[in-house]
Amino acid sequence: QVQLVESGGGLVQAGGSLRLSCAASGTIFSINRMDWYRQAPGKQRELVAAITSGGTTNYADSVKGRFTISRTKANNTVYLQMNSLKPEDTDVYYCNADVRVSAWSGLREYWGQGTQVTVSS
C-alpha cells in the first residue's frame, strides 16, 4: 500500500560525503514525521535525524553539524546529506515515515528496506 525506497548509499572514504534519498509512494493522504535510522549488526537501531511535516528537525548528537535532513512534500521524499563522514558512520541506514492513507485513517509507521553506507579509513 505504501512503499519507502531508499537510494544513495555506497562506499566512501573518511571525510567524504554521501546523500541518501527516500521516496514514499502508494496510497498516501499525508505524511507526518520522516526519519532516518541506522543499525549495525548486533546493535539496536538508532535515530539519526528526524523532520516533521512543518520542517522542524532533530539530530543525534553524533551527527550534529555533519548531517542535514530535508524533505520535499511535493514528491514525498526525504533526504539525508552526510558530510565529513567517519568510519563509525558505517551502518545500514533506514528510512521511516508516519503515513496517513486517507483523511479518516490514523497514522501508520512504514520502513524502507535499508541502504548500506560504508566509510573507509
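A brief look at the structure comes next. Being a predicted model, the structure only gives us computed values, none of them experimental.

### What to know about the pattern of salt bridges
In step 1: What the rule picks out here adds up to 6 salt bridges.
In step 2: Residue Asp-35 pairs with Arg-33 through a salt bridge whose shortest N-O separation is 3.0 Å.
In step 3: Linking Arg-38 and Asp-89 is a salt bridge whose minimum nitrogen-to-oxygen distance equals 3.0 Å. Separated by 51 residues along the polypeptide, Arg-38 in strand S4 (residues 30-39) and Asp-89 in the loop between strand S8 (77-82) and strand S9 (91-100) bring together distant segments of the chain. By the burial criterion, Arg-38 is buried, and Asp-89 matches it.
In step 4: The network of salt bridges with shared partners includes Arg-38, Glu-46, Arg-66, Asp-89 and Asp-91.

### Here we look at the side chain of Arg-71
In step 1: In this fold, Arg-71 is placed in strand S7 (residues 67-72).
In step 2: Here Arg-71 occupies a buried position and makes no salt bridge, while the nearest side chain of opposite charge, Asp-35, is found at 7.8 Å.
In step 3: Among the polar contacts made by the side chain of Arg-71, one reaches the main-chain carbonyl oxygen of Ile-31 at a distance of 3.2 Å.

### Regarding the environment of Cys-95
In step 1: Of note, Cys-95 is situated in strand S9.
In step 2: Separated by 60 residues in sequence, Cys-95 and Asp-35 have C-alpha atoms that sit 5.8 Å apart.
In step 3: If near-sequence neighbours (up to four positions away) are discounted, Cys-95 is found in contact with Leu-4, Glu-6, Cys-22, Asp-35, Trp-36, Val-78, Tyr-110, Trp-111 and Gly-112.

Rules used in this analysis
In this convention, every chain numbers its residues from 1, walking through the sequence in written order. Local features in a predicted model are, by the rule used here, given only for residues with pLDDT of at least 70; side-chain atom pairs are given and counted only at 80 or more, and totals for whole chains, interfaces and linings are based on all residues. With hydrogens and water set aside, each side-chain value is computed from the structure's full complement of heavy atoms. By convention in these notes, a salt bridge is any Lys or Arg side-chain nitrogen within 4 Å of a carboxyl oxygen on Asp or Glu. Numbering of helices and strands runs from the N terminus; a helix is a DSSP stretch of H or I covering at least four residues, while a strand is a stretch of E covering at least two. Partly exposed describes any residue whose relative accessible area lies between the buried limit of under 20% and the exposed limit of over 50%, with all areas from a 1.4 Å probe on protein chains only and scaled to the type maximum. By the counting rule applied here, Lys and Arg register as positive and Asp and Glu as negative, while His and the ends of each chain are not counted. The definition of a polar contact used here is a pair of N or O atoms within 3.5 Å, where within protein one atom must be able to donate a hydrogen and the other to accept one, and adjacent residues in sequence count solely through side-chain atom pairs. Whether two residues touch is decided by their heavy atoms; if any such pair falls within 4.5 Å, the residues are in contact.

Function cannot be inferred from these measures alone, as they are strictly geometric.
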